[in-house]
Amino acid sequence: MQVILDQKEKTTTVKLVGRLLKGKSLRQLQGAVDNLIVLGVKNIVLDLTGLTLIDRRGMSEIFDCYRRATENDIEVSLLVYTSTEEGVTVKLEKLGNVPEECRNDADGILLIG
């Protein structure tokens, strides 16, 4: 996976390209977000539009990045594809309260659905 950082005004975009799976790609995302926390950024957009595959560990890491960032007073949003009657569009979603954990996959799907 490739992680591309883009700073514009007060927002840093973390674009993820490729596959976000258990292993090296998770560590890349963790490192990128942790570095932004240390730098004291105030707004992070996790751009997921370049992902071709994500597993449950990848989804879990996205929520963990959200938790770590918000604990440091950083606002986090997701840039995702969404399907509508008109076709596929890109949508910016602000994350709200994310529970510490989901008990099962169904709870996780309800959370993001």
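Small disclaimer: the values here were computed from a predicted structure and weren't measured.

**Looking at the overall build of the protein**
Okay, step 1: Regarding its fold elements, the protein presents three helices and five strands.
Okay, step 2: Counting helices and strands in the order they occur from the N terminus, the protein gives β-β-α-β-α-β-β-α.
Okay, step 3: Here the protein holds 113 residues, and 32% of them are scored as buried.
Okay, step 4: Put simply, the protein shows about 7400 Å² of open surface, and 50% of that area lies on carbon and sulfur atoms.

**Some points on helix 1 (residues 24–39)**
Okay, step 1: Over its 16 residues, helix 1 extends 23 Å from the first C-alpha to the last, a length consistent with the 22 Å expected when each residue adds 1.5 Å.
Okay, step 2: Turning to helix 1, its buried residues number three or more, namely Ser25, Leu26, Leu29, Ala32, Val33, Leu36 and Ile37. The arc that holds the buried residues of helix 1, viewed along the axis, is 135°, so those residues lie on one side. Set apart from the buried face of helix 1 by more than 90 degrees, the exposed residues are Lys24, Arg27, Asn35, Val38 and Leu39.
Okay, step 3: Of the surrounding secondary structure, the elements contacted by the buried residues of helix 1 are strand 1 (2–8), strand 2 (11–20), strand 3 (43–54) and helix 2 (56–70).
Okay, step 4: Two residues or fewer after helix 1 comes Gly40, characterised by a positive phi angle close to 80°.

**What about the confidence of the model for the protein?**
The predicted coordinates ought not to be read in detail in places where the model reports low pLDDT.
Okay, step 1: Of all residues in the protein, 81% attain a pLDDT of 70 or more, and the chain-wide mean is 84.
Okay, step 2: Within the protein, no element has a lower average pLDDT than helix 3 (residues 105–112), which sits at 58, and none a higher one than strand 1, at 95.

**With respect to the pairing of strand 3**
Okay, step 1: Alignment of strand 2 against strand 3, held across nine bridges, turns out to be parallel. The partner of Thr11 across the bridge, within strand 3, is Asn43.
Okay, step 2: Viewed along the sheet, the connection from strand 2 through helix 1 into strand 3 turns out right-handed.

**What to know about the pattern of salt bridges**
Note on pairing: side chains with opposite charge can pair once their charged atoms come close.
Okay, step 1: Overall, the coordinates contain seven salt bridges when judged by the stated rule.
Okay, step 2: Two residues, Lys15 and Asp47, come together in a salt bridge whose shortest N-O distance is 3.4 Å. Of this pair, Lys15 sits in strand 2 while Asp47 sits in strand 3; the two residues are 32 residues apart in sequence, bridging distant segments of the chain.
Okay, step 3: Take Lys15: its relative accessible area is 27%, and that puts it in the partly exposed class.
Okay, step 4: We classify Asp47 as buried; its relative accessible area is 7%.
Okay, step 5: Measuring nitrogen to oxygen at the nearest pair gives 2.5 Å for the salt bridge that ties Asp64 to Arg67. With Asp64 and Arg67 both in helix 2 and three residues apart, this pair spans about one turn of that helix.
Okay, step 6: We classify Asp64 as partly exposed; its relative accessible area is 24%.
Okay, step 7: The structure contains a network of salt bridges with shared partners spanning Asp34, Glu61, Asp64, Arg67, Arg68 and Glu71.

Reading guide: rules and limits
- Once a new chain begins, its residue numbering starts again from 1 and follows that chain's sequence as written.
- The predicted origin of the model limits local features to residues at a pLDDT of at least 70 and limits the giving and counting of side-chain atom pairs to 80 or more, whereas totals for whole chains, interfaces and linings rest on all residues.
- Heavy atoms from the whole structure form the basis of all side-chain values; hydrogens and water molecules are not counted.
- In this text, helices come from DSSP runs of H or I with a minimum length of four residues, and strands from runs of E with a minimum of two, each type numbered from the N-terminal end.
- Three labels apply to residues, based on accessible area from a 1.4 Å probe with only protein chains included: buried if under 20% of the type maximum, exposed if over 50%, partly exposed otherwise in between.
- The accessible surface values rely on the Shrake-Rupley method and a 1.4 Å probe; as for residues, cover is taken only from the protein chains in view.
- Any helix carries an expected span of 1.5 Å times its number of residues minus one.
- By construction, the arc corresponds to the directions joining the helix axis to the C-beta atoms.
- Note on contacts: a residue pair qualifies if any of its non-hydrogen atoms lie within 4.5 Å across the two residues.
- One number per residue, pLDDT, summarises how confident the predictor is, and it ranges from 0 to 100.
- Pairing between two strands requires that DSSP report at least two bridges joining them.
- Look down the strands so they point away from you; if going from the first strand over the helix to the second traces a clockwise path, that crossover is right-handed.
- Within this document, salt bridges are pairs made up of a side-chain nitrogen of Lys or Arg and a carboxyl oxygen of Asp or Glu, the two lying within 4 Å of each other.

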